[in-house]
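# Topology and contacts: notes
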Amino acid sequence: MQDNRDKQLQNSGRWKLLAVVAVCAFPIIASYFTYYIIKPTGRNNYGALIDPRLHPIPEAQLRVTELDGTASPLAQFKGKWVLLQTGPADCQEACKKQLFAMQQLRLMQGKERERIERVWLVTDEQPLDTLVMREFDGTSMLRVNSDALKAWLPVEAGGKTDEHLYLIDPLGNLMMRFPKDADPSKVKKDIAKLLKASAIG
């Protein structure tokens, strides 16, 4: 009889633990199900949604490093929303415009800005202009394997990766691409909606 009672208590404890786990996980699972599967027609996002299952981050192939060559994988940013841009070290006007846009987009989120990281993936081995580094201090400037990067990031028809801003979610999924010469006010709205709806990051 005692054995039966012990087993019943054990089973009851397990069910309670599973119930607690389910309650905690439900908001995250529900938000992703709604975002990626149901896709309500009323949603009017500006950026193009990316199915993360088709574009998983290829950490090993990207070989992301600090400017000094120290390994620095994108996984370090998990738990944060990541605004991402790419391009060569020779940062011309379009490149600076995007770096500035990322800087401002983060600031425009007000108290939510701490949830956002800015990352520039440099696609060659050339030195960076120290003036650019100072002007956009706070942006993580990392080097990457350019061929692997091109294979990973989707672009608009006829476009290039360095013409877009991308967004990575706090789980480490590539999930949105903004158009070339994106309207900052519309990008801001997309990011604000995601931050408001997300229980993570």
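Residues numbered from 1 in each chain as written. Predicted model: local features only at pLDDT ≥ 70, side-chain atom pairs only at ≥ 80, totals over all residues. Heavy atoms only, no water.

This paragraph deals with unusual backbone geometry. Of note in the backbone geometry, Arg-63 takes a positive phi value of approximately 50° without being a glycine. Secondary-structure assignment places Arg-63 in the loop between helix H2 (59-62) and strand E2 (81-87). Judged by relative accessible area, which is 54%, Arg-63 ranks as exposed. Unusually for a residue other than glycine, Asp-181 sits at a positive phi of about 50°. In this fold, Asp-181 is placed in the loop between strand E6 (174-178) and helix H6 (184-197). Of the residues examined, Asp-181 reaches a relative accessible area of 58% and is grouped as exposed. (Helix = DSSP H or I, 4+ residues; strand = E, 2+ residues; numbered from the N terminus. Buried < 20%, exposed > 50% of the residue type's maximum accessible area, 1.4 Å probe, protein only.)

With that settled, consider helix H3 (residues 93-107). For H3, built from 15 residues, the straight-helix expectation of 21 Å at 1.5 Å per residue is met to within 8% by its first-to-last C-alpha distance of 21 Å. Within H3 the residues assigned to the buried category are Cys-95, Gln-98, Leu-99, Ala-101, Met-102, Gln-103, Leu-105 and Arg-106. Where the residues of H3 are buried, they touch E2, strand E3 (116-122), helix H4 (130-135), strand E5 (165-168) and H6. (Expected span 1.5 Å × (residues − 1). Contact = heavy atoms within 4.5 Å.)

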